[in-house]
Amino acid sequence: MPDFEIKDVFRETRVFTSRSIVIGVLLMLLMAILLTRLFYLQVVEYDRYNTLSKNNRISVVPKAPVRGLIFDRNGIPLARNVPSYTLEVVPDQVRDMDALLDELGKLVKLTEYDLKLFRRDIKRHAKFDTIVLRSQLTDEEAARFAVNRYRFEGVELRARLERNYPLKESGAHAVGYVGRISTRDLEKIDKTLYRGIDFLGKTGIESFYEDILRGESGFDHIETNAHGRVVRTISNTPSVPGKNIYLTIDSELQLIAEQALGDYRGSVVAIKPSTGEILAFASTPSYDPNAFVFGISNADYSALRDSPDTPLLNRALRGRYAPGSTIKPFMGMVGLKLKQSPAKKVYCPGFYTLSKGGRRFRCWKHSGHGSVDLHDSVVQSCDVYFYDLAHHLGIDAMHDSLSQFGFGSKTGIDLNGESAALLPSRQWKRAARDQPWYPGETVIAGIGQGYVLATPLQLASATSALANQGVRMKPHLLMAEEDTVSNEKNVNKPVMLNSGEWNADDLSIIIQAMVDVTDSPRGTARRIGAGSPYKIAAKTGTAQVIGIKQNERYIESEVAPRHRDHALFVAFAPAEKPDIAVAVIAENGGHGGSTAGPIAHKVMDYYLLGKQPAKEADPS
Amino acid sequence: MTEQKKFSIDWALMTGLLTLSAISLFVLYSAGDQNTDLLIRQSIRITLAFVVMLVVARVTPEQLLRWTPYIYSIGILLLVIVLGAGVIGKGAQRWIDIGFVRFQPAEMMKLAVPMMVAWVMVKKPLPASLPTVILGFIVVAIPAFLVIKQPDLGTAILIAASGLVVIFFAGMSWRIIAVLAGLLAAAAPLGWYLIRDYQRQRILTLFDPWSDPLGAGYHTIQSAIAVGSGGMYGKGWLNGSQSQLDFIPERSTDFIFAVFSEEFGFIGSMILLLAYLFVIGRSLYIAIEAKDSYTRLLCGSLAVTFAIYVFVNIGMVTGILPIVGVPLPLISYGGTSMVSLMAGFGILMSAYSNRWFMH
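Residues numbered from 1 in each chain as written. Chains lettered and ligands numbered in written order. Predicted model: local features only at pLDDT ≥ 70, side-chain atom pairs only at ≥ 80, totals over all residues.

Topic: the overall build of chain A
The helix and strand inventory of chain A stands at 23 helices and 23 strands. Every one of the 620 residues in chain A was classed for burial, and the buried ones make up 41%. Pairs at least 24 apart in sequence give 73% of the contacts found in chain A among residues at least 6 apart. (Helix = DSSP H or I, 4+ residues; strand = E, 2+ residues; numbered from the N terminus. Buried ≥ 20, exposed ≤ 12 C-beta atoms within 10 Å, placed from the backbone. Contact = placed C-beta atoms within 7 Å.)

Printed below as a string of structure tokens:
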């Protein structure tokens, strides 16, 4: 570097070294200052700061917001908050936990289960966290503790709002329930949104609309005394309550649907065809959601989980059933769309074969229906006609057209965990089973057997599409959300799923046939139509649970109850201007017309006429 | 062997840095609610920072000297751009977004300023004469002014300090130092009126935090309680009630020392300070061993700046300095400052590889 002056390297080094010594001394001084300060805080003043920390006088306490309520479409509460007392313990402030629990046990009832949960929670939390020991104290217990409170350092009696479901089992599968935030939940949620909140929606509407119902936490700056008890609130940021939710469900109708199902395992889904509003969403047997709020005991939970009646299964949403003959009106629509004449006649000798002397696919009527056209075969539910139709259409054409009614895909209802059930195709079988498709499988798919599966929700949604000029609306449970502060209501707008481009003439042919199911002397549900002041378009269905061998006959009384056929029924009414579409499934109910039909009838009668179902005559 | 090929790692310094990084992950696990995501992100940053260090360590002091004016000019240009964008965007602006990475020019100046001042100083023989010192002050003042305008007073002071340390090392005469100190003392009352309200508040709070325990004094009080209640041996890892119960604000970033000190006590804090002292001492040693004046001045400044960070942060947490947003180097959660710090250590590594007696 030529432009640099000649340097005295040793002088420069000396300058730097001497300055480094000065700097070194300064740095040691700074470190000494820090160490002195630390020594002062941590050793000299330790007692003072330790006391301050133990009873940190000022603390920020998150305040849980009030969770939004859930109402039915008429404002009847389905989920509400009721005040309840809880006993809470800060283990860090307790000297002898066993002695304390013994003493407390004399004042309030502490079950083995309470104590087990409490000890588990102590292990899971830091020792200065507040842990719930007992919830739902009776007024008497609360009073007894309040009087003796001075004896229990570190124990606090608190009034909390507890979630309560006044209708209990009714509608439980739609409304769902809240439960304590579990370790697994903690991994999924944004913890900052749950400061001070112990519960979250676990299933149903409670889970799906968690973000709307939850609200926002607030904060209290509080001053506590030496025992950790609150002396006063210094300042606070109020919490924002969650929004109330109005469901499309009519809780009266819901109850009637559930009672109509009676002891059957099964489901009823009722939809308003023009909007997709779910009017009833029944799944029986049901369970009491209140049991889950404070944690259900293992024994109770196992009983629910392991019951052969599977009460925890949401049959309406996740039950996969062979649709049986209820698929026939939809098959009829597909046939008409693909240019099969409604006048075409098929001869039904009581069975169908693909080749002479081949396997016989039987019609439910062993003597045969004789020569039938499309209308007759829907009214009388002739299987042979639809075997033939399916064979001519082919499975892939059936798949493409039936899927426009929503078979084989989720409807997109506002609930988590919906099943798409199954609408088979060649491609599906290749992918899922790695097997070719056999022509015989197409034949039985034509009457809704074989691989075809549908959920009650899908059946109701497809039926309401028939009722709504082929336009399928998205089924939904949310009618409106209501801001609890401004009382402003935000109404949920209906969403169209697809119009399917069904021909209006074709629709009226099928609907007329469905009306004659209840309204003609040969209809399979003529008993339901008799005397009805409004016209009902319907289709019965009976789905096999077990396979019947070629040369055997199905005799109901000889089959084990769990192997009896499922009874199905789809309907909408009034046929001219439909206001309600219903799908009913009664597991092992036998015949659709005699078991499932009357259930749907009661639901429609109440909804359209306000008629309470007649009480079953008491034999005694 | 040509000079470019010379590259070796100073394992003493490396051990110090790795120790601090390991401590960082340990404390962060406790400070961040035992969140493993946080740990993973911090580990990625630490790895990245070490890669940057090793890359910079391969640059020879000669190359660095040659590039110095360009790096400094680019830095000034970026500061002007950021400031201009801030004026147009009507808000504080500190970042430049170059697609895949956001980058803070002020962070770059923490290295560029001492480099440029050292470059100016070694133009003439040392000790630095008055004209050289004045030139050095100008080199410091321009970026400091631009950063104050951002506005980021804390960073501006740290940048200025890193440059002034170089001038001090260059042998600026004690007479000039005395005059400057006198001027500073005289200007202090004036400064009181120039700083902003919130800054004044922070200084007042330092003297009497209990005057506003929930407002301005909250940070100071809560972190002092955390540190003090740690006592001699600490409350144990994950057991600091102050830290775990949310009393300490920003506990994984600027106030992480409060968490450390509460959980590991006076003994732990002393060990941490010793680890820092070791890194600082080793850096000064490398500076003294450096083969030319430019490298010596630069390395000396880097060592001292690192020490200032440690002092300012711990001073702030223990309540002897006002609250300024300075992270605890290599321990606090966060990326930008770590990368520039480790680039600085890369320069030190390079100085070590090309040290005096290797000639």
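Here's the deal with the packing of helix H4 (residues 105-121) of chain B against helix H6 (residues 153-169) of chain B
Residues and elements named next belong to chain B. Packing of H4 against H6 brings their axes to within 8 Å, and their N-to-C directions diverge by 20°. The pairing of H4 with H6 is recorded here as roughly parallel in orientation. Note on packing geometry: the crossing formed by H4 with H6 is right-handed. Along its contact with H4, which presents Ala 106, Met 109, Lys 110, Val 113, Pro 114, Val 117, Ala 118 and Met 121, the element H6 presents Thr 155, Leu 158, Ile 159, Ser 162, Gly 163, Val 166 and Ile 167. When the residues that make up the contact of H4 with H6 are grouped by side-chain class, the tally is 11 nonpolar, three polar and one charged. (Axes fitted to C-alpha atoms, helices over the stretch in contact; angles between N-to-C directions. Parallel < 35°, antiparallel > 145°, perpendicular 65-115°, else oblique. Left-handed = near helix turned anticlockwise from the far one by under 90°. Nonpolar A, V, L, I, M, F, W, Y, C, P; charged D, E, K, R; others polar.)

Remarks on the environment of Val 324 of chain B
All names here are of chain B. On the secondary structure map, Val 324 appears in the loop between helix H12 (293-317) and helix H13 (336-353). Sequence-wise, Val 324 and Gly 154 are 170 residues apart; in three dimensions their C-alpha atoms are separated by 6.2 Å. If sequence neighbours within four positions are ignored, Val 324 has contacts with Gly 154, Val 312 and Met 316.

Let's talk about the sheet that holds strand S21 (residues 537-543) of chain A
All names here are of chain A. With antiparallel pairing, the five strands of this open sheet are ordered in space as S12-S11-S23-S22-S21. This sheet does not close on itself; its edge strands, each paired only once, are strand S12 (277-284) and S21. The mean angle between the axes of side-by-side strands here comes to 5°, regardless of whether they run parallel or antiparallel. (Pairing = 2+ DSSP bridges.)

A closer look at the pairing of S21 of chain A
Residue and element names in this part refer to chain A. The element S21 is extensively covered by neighbouring structure, given that seven of its seven residues are classed as buried. Neither face of S21 is left uncovered, since the one carrying Ala 537, Lys 539, Gly 541 and Ala 543 and the one carrying Ala 538, Thr 540 and Thr 542 both have all their residues buried. Relative to strand S22 (residues 566-573), S21 runs antiparallel, the two sharing seven bridges. The residue of S22 that forms the bridge with Gly 541 is Leu 568.

Some remarks on the interface of chain B and chain A
A common way to report how large an interface is uses the accessible area buried once the components associate. Facing the 43 residues of chain B at the interface are 38 residues of chain A. Mapped onto the side of chain B that touches chain A, the elements with two or more residues apiece are H6, helix H9 (218-230), helix H10 (241-244), helix H11 (256-289) and H12 of chain B. No other element matches the nine residues that H11 of chain B contributes to the side of chain B that touches chain A. Counted by class, the side of chain B that touches chain A contains 25 nonpolar, 14 polar and four charged residues.

Regarding the confidence of the model for chain B
For chain B, the average pLDDT comes to 85, and 89% of its residues sit at 70 or higher. Here the predicted complex scores 0.61 on pTM and 0.90 on ipTM. (pLDDT = per-residue confidence, 0-100.)

So, unusual backbone geometry
Residue and element names in this part refer to chain A. In this model, Thr 284 is joined to Pro 285 through a cis peptide bond whose omega is -5°. Its location among the elements puts Pro 285 in the loop between S12 and helix H11 (290-293). At Asp 434, a residue that is not glycine, the phi angle is positive and equals roughly 55°. As for its position among the elements, Asp 434 is in the loop between helix H18 (426-433) and helix H19 (439-445). At Gln 469, a residue that is not glycine, the phi angle is positive and equals roughly 50°. By the C-beta count within 10 Å, which is 16 here, Gln 469 ends up partly exposed.

Focus on the packing of helix H2 (residues 36-57) of chain B against H13 of chain B
Residues and elements named next belong to chain B. H13 packs onto H2 with a crossing angle of 35° between their chain directions and a minimal axis gap of 7 Å. Regarding H2 and H13, the two cross each other, and that crossing is right-handed. Contacts from Arg 45, Leu 48, Ala 49, Phe 50, Val 52, Met 53, Leu 54, Val 55, Val 56 and Ala 57 in H2 reach Met 338, Val 339, Met 342, Ala 343, Phe 345, Gly 346, Ile 347, Met 349, Ser 350 and Ser 353 in H13. Residues of the contact of H2 with H13, tallied by class, amount to 16 nonpolar, three polar and one charged.

Quick word on H6 of chain B
In an α-helix, one turn spans 3.6 residues; hence positions three or four apart end up facing the same way. Its 17 residues give H6 of chain B an end-to-end C-alpha distance of 24 Å, which sits within 8% of 24 Å, the value for a rise of 1.5 Å per residue. Counting buried positions over the 17 residues of H6 of chain B gives 12, a clear majority of the element. Every buried residue of H6 of chain B is listed here: Thr 155, Ala 156, Leu 158, Ile 159, Ala 161, Ser 162, Gly 163, Leu 164, Val 165, Val 166, Ile 167 and Phe 169 of chain B. Against the buried residues of H6 of chain B lie helix H1 (9-44) of chain A together with H4, helix H5 (130-148) and H12 of chain B. After H6 of chain B finishes, the residue Gly 171 of chain B shows a positive phi value of roughly 90°. (Expected span 1.5 Å × (residues − 1).)

Observations concerning the nonpolar core
Of all hydrophobic cores here, the largest spans 125 residues; its most connected members are Ala 270, Val 582 and Val 603 of chain A. Each of domain 2 (59-247) and domain 3 (251-304 + 313-609) of chain A contributes no fewer than three residues to this core. Residues contacting Val 603 of chain A, with those up to four places away along its chain left out, are Leu 253, Ile 256, Ala 257, Ala 260, Val 268, Ala 270, Ala 280 and Val 582 of chain A. With 111 residues, the next largest nonpolar core counts Ala 112, Trp 119, Val 317 and Phe 345 of chain B among its residues. (Core = buried A, V, L, I, M, F, W, Y, C linked by C-beta atoms within 7 Å. Domains from an automatic or database assignment.)

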